[in-house]
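Report on the structure
Each chain is listed here by its residues.
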Amino acid sequence: MFDKKEKELESEQNRILSDNEFGIEDFRYNLEVVNGIKDICVKSKTEYYSSKPIWLGKGGSSVRFLESTLSPSDQYFYEYIVISVIEGPYKRWIGKGAMFYNVIFFHISINGNRAPELEAKALKFLENVEFTDDWEKEEVE
């Protein structure tokens with residue numbers, strides 16, 4: 001999953017920085033392995049600025065509602081954390097009964113302020129995810 005997410009983020013970064021329609025600049029991201037196994041859980045954090053309110057498919061209608069309530073600004077700051085998880089059984093990456101999901105924590109600001117609680121909320125969510133130790137055992141069969 002780490003490699004897949006890294007390719008997605010690189011592609012998104014290249015696409016966004018080459019498209020001038022929304023004036024997106026300073027697009028940055030980082031990707032971390034969670035629980036020590038890069039195939040089952042990763043956390044990515046993305047930050048960027050835009051000269052227009054923009055929805056990039058993150059967060060659905062709630063994000064569009066938040067953008068519609070923002071005061072007009074010269075720059076909008078976006079910050080989101082995505083936790084990507086596969087829960088077993090893990091046979092052949094997503095085997096019978098396995099479940100894959102993304103949990104997204106999203107923040108928009110008109111003054112460039114970050115949301116320090118965003119990271120804490122994402123990490124708190126991870127406390128409730130139970131990983132089994134069957135990953136390697138099931139994958140080898």
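Above this note sits the structure.
Each residue is numbered by its place in its chain's sequence as written, counting from 1. Under the rules for a predicted model, residues below a pLDDT of 70 receive no local features and side-chain atom pairs below 80 are neither given nor counted, while totals for whole chains, interfaces and linings still include all residues. Based on all heavy atoms of the structure, the side-chain values leave hydrogens and waters out of the count.

**Re the overall build of the chain**
- We count a stretch as a helix when DSSP gives it H or I for four or more residues in a row; a strand needs E for two or more, and each element gets its number in order from the N terminus. Scanning the chain for helices and strands turns up four helices and four strands.
- Each of the 141 residues in the chain was classed as buried or not, and the buried ones make up 37%.
- In what follows, a contact means two residues having at least one pair of non-hydrogen atoms within 4.5 Å. In the chain, 63% of the contacts between residues at least 6 apart in sequence involve partners at least 24 apart. Relative accessible area decides the class of each residue, using a 1.4 Å probe on protein chains only: under 20% of the type maximum gives buried, over 50% gives exposed, and in between gives partly exposed.

**Examining the packing of aromatic side chains**
- Any two of the Phe, Tyr and Trp rings considered here, Trp counted by its six-membered ring, make a pair once their centres fall within 6.5 Å; the pair's planes then place it as stacked at under 30 degrees, edge-to-face at over 60, or tilted in between. All chains considered together, the criterion is met by seven aromatic pairs.
- In this structure an aromatic cluster arises from ring pairing among Phe 27, Tyr 48, Tyr 78, Tyr 80 and Phe 106.

**A few points about the side chain of Lys 43**
- The topology assignment puts Lys 43 in strand 2 (residues 41-50).
- The residues contacting Lys 43, other than those within four sequence positions of it, are Asn 30, Leu 31, Glu 32, Val 34, Ile 81, Val 82, Ile 83, Glu 119 and Leu 123.

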